[in-house]
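Results of the structural survey
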Amino acid sequence: MRIRLDPWPVDTQGGQLSLAPVPSAELIDVETPRWAAIAPKELPRRLTRVYVVDGKPRMEARLLIEDDSGVSSFAGYGAFVAGAVNLCPHGTRPALLESVKAMRVLAHGPDMTVDMARLSPRSPHTGRLEYTPSAFREDHTAAPAAHIQSLMLQAEQELSHGLASAVPFDEMDSREPLVSLTLQDGTLRGKNRGGAVVGCVKTIGAMYLGPDRMGLLTTMKPGERTPILHLKYGNNQFPRFTWYVRLCDAPLHLHPLAGVMRLEMYAPDESDFLPPIVRAVAALSGTLLCRLGSLPHKDARAPQNLIPTAALEHAMGRALGDARLVQRRIRAHITAELGPLVA
């Protein structure tokens, strides 16, 4: 019997490796038919900005509400934040935080008349909490949290593409140089807005490669990558360009896929055109991610949880504020404003 450890701590939901097969996925070689490791290239001088983008949602209170016309629904006070770390990939300037600002919403069911909720503090130094009404379509207990999550993903998407260079998806399009690149934490979601946005999938939960190709992931050296593949999954709804990169060697006690990350970029439905920017991003991805990867003594999710991502997570937590204090404010507000109407 051979035993290997999953790289991430046991209190991390799902771990880093689940390796569930995806039988409906369709993979096509678009860069080269030769399945072999590709060495990393140096970062081009024209690439002057790399943004690391992440988001965080939070339910702050579950509610049952009723408007003046008698319509009722499940609801929730919630907040979300999507922010970015602005890096110089060549190390010529300090990193900067951008757009790390919490937005608060009162998520509620359809066909309701709901006013903005303003929660005034007892102390003027702690600021006012304002929850903007936002309606979801289907009224059920999980809907408020799902709606807040979707608003966060939308904000994350808009921020990611607004910061990145454009990617041409037609041979007739102009060839914009790769000047600005966005690394987005997790899989790519939503509509393709045409930006040079890379989804950094930290966990290998879905195994798209067959047994004949899996072996390459275990033998790659740090910085090396697989060739680019055109991937369709989810009943062919989600076309992506994807490739795997190794960020560090796997210690003997860990699973041999430890230190491997899957990257993806948006792709057209047809696989007959590989945009030059996608090829350029894949070429530099090993060099860039090895520089940004965290270390085990600093982050239990190393190296996949990038150093800028960890810094951004802390900044987003500060922007949201202490959850216990916010919940206390909500209870005090309802008690003070509604008084005997609260059961």
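This text goes with the structure placed above it.
Heads up: these notes are all about the structure in this document.

What counts, and at which threshold
- Residues numbered from 1 in each chain as written.
- Predicted model: local features only at pLDDT ≥ 70, side-chain atom pairs only at ≥ 80, totals over all residues.
- Heavy atoms only, no water.
- 1 Å grid on protein atoms, 1.4 Å probe; cavity = no way out; pocket = protein on both sides within 12 Å on 5 of 7 lines; lining within 4 Å.
- Points joined across faces, edges and corners; volume = space filled by probe spheres on them.
- Helix = DSSP H or I, 4+ residues; strand = E, 2+ residues; numbered from the N terminus.
- Nonpolar A, V, L, I, M, F, W, Y, C, P; charged D, E, K, R; others polar.
- Core = buried A, V, L, I, M, F, W, Y, C linked by side-chain atoms within 4.5 Å.
- Buried < 20%, exposed > 50% of the residue type's maximum accessible area, 1.4 Å probe, protein only.
- Contact = heavy atoms within 4.5 Å.
- Pairing = 2+ DSSP bridges.
- Polar contact = N/O pair within 3.5 Å; in protein donor to acceptor, adjacent residues only side chain to side chain.

Moving on, we get to empty space enclosed by the protein. Applying the stated criterion to the full structure yields 2 cavities of 30 Å³ or more. By volume, the largest cavity amounts to about 40 Å³. Considering the residues around the largest cavity, the lining is formed by Val52, Leu183, Gln184, Asp185, Cys200, Lys202, Met261, Gln304, Leu306 and Thr309. Looking at the lining of the largest cavity, the element that brings in the most residues is strand S9 (residues 180–185), giving 3 residues. A per-class count over the lining of the largest cavity returns 5 nonpolar, 3 polar and 2 charged. Taken as a whole, the second largest cavity encloses approximately 30 Å³ of empty space. Looking at the lining of the second largest cavity, the elements with two or more residues in it are S9 and helix H3 (276–292). At 5 residues, H3 tops the list of elements feeding residues into the lining of the second largest cavity.

A few words now on the nonpolar core. Leu181, Leu183 and Trp243 are the most contacted members of the largest nonpolar core, which totals 43 residues. Within the residue set of this core, elements represented by two or more residues are strand S3 (49–66), strand S4 (72–87), S9, strand S10 (197–201), strand S13 (238–246), strand S14 (260–266), H3 and helix H4 (307–320). Of all the elements, H3 adds the most residues to this core, at 8 residues. Apart from residues lying up to four places away in sequence, leucine 181 is in contact with Leu47, Arg49, Val50, Tyr51, Ala196, Val198, Val281, Leu284 and Leu288.

Before going further, it helps to examine the pairing of S9. In terms of burial, S9 is a largely internal element, 6 of the 6 residues being buried. With burial as the criterion, each face of S9 is covered, one bearing Ser180, Thr182 and Gln184 and the other bearing Leu181, Leu183 and Asp185. Of the strand pairs in this sheet, S3 and S9 are connected by 5 bridges, and their pairing is parallel. What sits directly across from tyrosine 51, in S9, is threonine 182. Two strands pair when backbone bridges link them, and S9 and S10 are joined in this way by 4 bridges, in the parallel orientation. Across the sheet, the residue bridging to glutamine 184 is glycine 199, located in S10.

Here the focus is the side chain of aspartate 299. Take aspartate 299: it is sitting in the loop between H3 and H4. Residue classification places aspartate 299 among the buried residues on the basis of a relative accessible area of 11%. A polar atom in the side chain of aspartate 299 sits 2.8 Å from the backbone nitrogen of arginine 301. With sequence-adjacent residues up to four places away left out, aspartate 299 is seen in contact with Ser294, Asn305 and Ala310.

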